[in-house]
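Per-entry structural report
Residue-level listing of the chains:
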Amino acid sequence: MEEERTCCSHKTKERSEDEYKDLIHRLNRIEGQIRGIKGMVEKEAYCTDILTQVAAANAALNSFNKVLLANHIKTCVIRDIREGKEETVEELLTTLQKLMK
């Protein structure tokens, strides 16, 4: 039987209700922005208008990443370091390299 995995990792994280609601709210807004961009393409909107909306969606995704990364460092990374799991630092560095491409 194949092991069930979430996304790219076998790890999971319990989030506080406030953190969960904030992340979901941000993702819902981003999803709406993407639907709006798709609608603009379908309605043959002017290129620069679409590009402006894409820039806004990118900014929203970057903001989401910053919040998620800060929460990750404040919770998972600190906990793992306290528990002697220093490999978490390497995992964090790899993640940061991916985010900075």
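See the structure shown above.
What you are looking at is a predicted structure, and each value in this text was computed from that prediction instead of being measured.

When you go through the protein chain residue by residue, the secondary structure sums to 3 helices and 0 strands. Here the C-alpha coordinates of the protein chain stretch approximately 55 × 35 × 30 Å along the principal axes. Buried residues in the protein chain amount to 17% of all 101 residues. Per element, the accessible surface of the protein chain, about 8,500 Å² overall, is 55% carbon and sulfur.

Within the secondary structure layout, arginine 26 lies in helix α1 (residues 17-42). Setting aside residues no more than four positions away along its own chain, arginine 26 makes contact with Ser63, Phe64 and Val67.

Within the structure shown, the criterion is met by 9 salt bridges. When the shortest N-O distance is used, the salt bridge between glutamate 42 and lysine 38 registers 3.9 Å. Note that glutamate 42 and lysine 38 are positioned in helix α1 at a spacing of 4 residues, about one turn of the helix. For lysine 38, a relative accessible area of 55% puts it in the exposed group.

All right, on to the packing of helix α2 (residues 47-82) against helix α3 (residues 87-99) then. Remark: α2 packs on α3, axes separated minimally by 10 Å, with the N-to-C direction vectors making an angle of 165°. Put simply, α2 runs roughly antiparallel to α3. The crossing of α2 and α3 is left-handed. Counted together, Asn65, Leu69, His72, Ile73, Val77, Asp80 and Ile81 of α2 and Thr88, Val89, Glu91, Leu92, Leu96 and Leu99 of α3 form the full contact between these two elements. When the residues that make up the contact of α2 with α3 are grouped by side-chain class, the tally is 8 nonpolar, 3 polar and 2 charged.

Contact pair α1 / α2: the axes reach a minimum separation of 10 Å and the direction vectors enclose 165°. The orientation of α1 with respect to α2, classified from their angle, is roughly antiparallel. Where α1 crosses over α2, the handedness of that crossing is left-handed. Looking at the contact of α1 with α2 residue by residue, the class counts come to 16 nonpolar, 4 polar and 4 charged.

Our focus in this paragraph is α2. Taking 1.5 Å per residue as the helical rise, α2 with its 36 residues ought to reach 52 Å, and the 51 Å between its terminal C-alpha atoms agrees with that figure. The set of residues buried in α2 consists of Ile50, Ala57, Ala60, Phe64, Leu69, Cys76, Val77 and Asp80.

Cut-offs and rules
Residues numbered from 1 in each chain as written. Predicted model: local features only at pLDDT ≥ 70, side-chain atom pairs only at ≥ 80, totals over all residues. Heavy atoms only, no water. Helix = DSSP H or I, 4+ residues; strand = E, 2+ residues; numbered from the N terminus. Buried < 20%, exposed > 50% of the residue type's maximum accessible area, 1.4 Å probe, protein only. Areas by Shrake-Rupley, 256 points an atom, 1.4 Å probe, with all protein chains shown as cover. Contact = heavy atoms within 4.5 Å. Salt bridge = Lys/Arg side-chain N within 4 Å of Asp/Glu carboxyl O. Axes fitted to C-alpha atoms, helices over the stretch in contact; angles between N-to-C directions. Parallel < 35°, antiparallel > 145°, perpendicular 65-115°, else oblique. Left-handed = near helix turned anticlockwise from the far one by under 90°. Nonpolar A, V, L, I, M, F, W, Y, C, P; charged D, E, K, R; others polar. Expected span 1.5 Å × (residues − 1).

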